[in-house]
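Structure at a glance
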Amino acid sequence: MKTHTLITGASQGLGKSIALEFANRKMNLVLVALPNSGLPELSEFIKDNYNVKTHYLELDLSTSQSCHAISEFIQEKQLQIKCLVNNAGVLSRGLFENIDEQFILSQIAVNVTTPTLLIKLLLDNMKSVAPASILNISSMASFFALPKKQVYGATKAYLTSFSRSLGKELKPHNISVTTICPGGLNTTTRLCYQNRIMGWISREAVLNPEDASKMAVDAMLDGQTLLIPGFINKCLMVLDKILPEFIKDRLAERELNKLPRLQV
Ligand SMILES: NC(=O)c1ccc[n+]([C@@H]2O[C@H](COP(=O)([O-])OP(=O)(O)OC[C@H]3O[C@@H](n4cnc5c(N)ncnc54)[C@H](OP(=O)(O)O)[C@@H]3O)[C@@H](O)[C@H]2O)c1
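The following paragraphs examine the structure supplied in this document. (Residues numbered from 1 in each chain as written. Predicted model: local features only at pLDDT ≥ 70, side-chain atom pairs only at ≥ 80, totals over all residues. Heavy atoms only, no water.)

Moving on, we come to the overall build of the chain. Secondary structure summary: the chain contains 10 helices and seven strands in total. Since a compact globule built from 264 residues should have a radius of gyration of about 18 Å, the 18 Å found for the chain is in line with a globular shape. Within the chain, the proportion of its 264 residues that are buried is 48%. Accessible surface computed for the chain: about 13,400 Å², of which carbon and sulfur atoms make up 54%. Where the 28 positive side-chain charges of the chain centre and where its 23 negative ones centre are 5 Å apart. (Helix = DSSP H or I, 4+ residues; strand = E, 2+ residues; numbered from the N terminus. Rg over C-alpha atoms; globule rule 2.2 N^0.38 Å. Buried < 20%, exposed > 50% of the residue type's maximum accessible area, 1.4 Å probe, protein only. Areas by Shrake-Rupley, 256 points an atom, 1.4 Å probe, with all protein chains shown as cover. Lys, Arg positive; Asp, Glu negative; His and termini not counted. Charge placed at Lys NZ, Arg CZ, Asp CG, Glu CD.)

Here's what the structure looks like:
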């Protein structure tokens, strides 16, 4: 069988950990990320060390042409996509008035348009090998009103909402849609540093990509709808329902003000 797991943003961070997690479970992979991000080397490494088939595509996922290129590649190679992981995402932080217009459009394209279109283009393929699974990587930011994370949070709110509705629609086709909403993740050097200087609650909520990826893949293969990883993140969801808005605003502002004045 030529069934494969397709992972976007597989070159580093959470996506790379998810790729290794699937390889460990002996699943063949299609890895996607930007050109010059070490994807050929990662693909070769996984193939040699995990005894699975790997393919890679170096594409800019901020364009819809890239989604069509992925779909054509899958058709040409006659691959069957059993699992699809929409992980590629553009993070950001900054005042809305200061964020570059092109950056915003590209962030919306990578975080919103690409996962939506990829699912659309690969759906028939996935239906043909059902039971199949989709994992969308959202964020805790999708639930909260966070100044300086307005567009990022909104893109993730879309993904969380889209996944919930789509999951219900695809259930009769035996395709599950799982959303994982991590808080902080120790992925890039800058995020590791930022996560260390945050307050106690935020620090405790942070996960390593290796732990988050295992939880995410388990939840996906289990057909779980929504995964809030970690005890503190689960508590934050409860607090969000009971705390008055002005207290939540003060807590969020205090945390965000601890961050250095750099854009992520
Ligand atoms: N880190 C956190 O604290 C955190 C928290 C909650 C949710 N998340 C979500 O988790 C996911 C992974 O985050 P991460 O921290 O692992 O991010 P990361 O280390 O920055 O990795 C992002 C991945 O997406 C790829 N990517 C970004 N823009 C792309 C584009 N235009 N075309 C193709 N690939 C592109 C990157 O490829 P290149 O290597 O080629 O650039 C990379 O593989 C994202 O969806 C993010 O929103 C992260």
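Following the structure, the description resumes.
Moving on, we get to the sheet that holds strand β5 (residues 132-137). Reading across the sheet, the seven strands line up as β3-β2-β1-β4-β5-β6-β7 and stay open at both edges, with parallel pairing between neighbours. One side of each edge strand has no neighbouring strand; the edge strands of this open sheet are β3 (54-58) and β7 (226-227). Where β5 lies against strand β6 (residues 175-180), six bridges are found, and the strand directions are parallel. Its bridge partner lying in β6, I137 is registered against I180. (Pairing = 2+ DSSP bridges.)

The subject of this paragraph is the site of the ligand. Taken together, 31 residues are adjacent to the ligand, and S11, N87, Y152, G183 and T187 come closest. Measuring from an oxygen atom of the ligand, one finds a side-chain N or O atom of Q12 at 2.9 Å. Within the side chain of S37, an N or O atom sits 3.2 Å from an oxygen atom of the ligand. Look at the ligand: alone it shows 890 Å² of surface, and the protein chains cover 90% of it. In the shell around the ligand, the residues fall into 15 nonpolar, 14 polar and two charged. (Near = heavy atom within 4 Å. Polar contact = N/O pair within 3.5 Å; in protein donor to acceptor, adjacent residues only side chain to side chain. Nonpolar A, V, L, I, M, F, W, Y, C, P; charged D, E, K, R; others polar.)

Everything listed here is a matter of geometry and, on its own, says nothing about what the molecule does.
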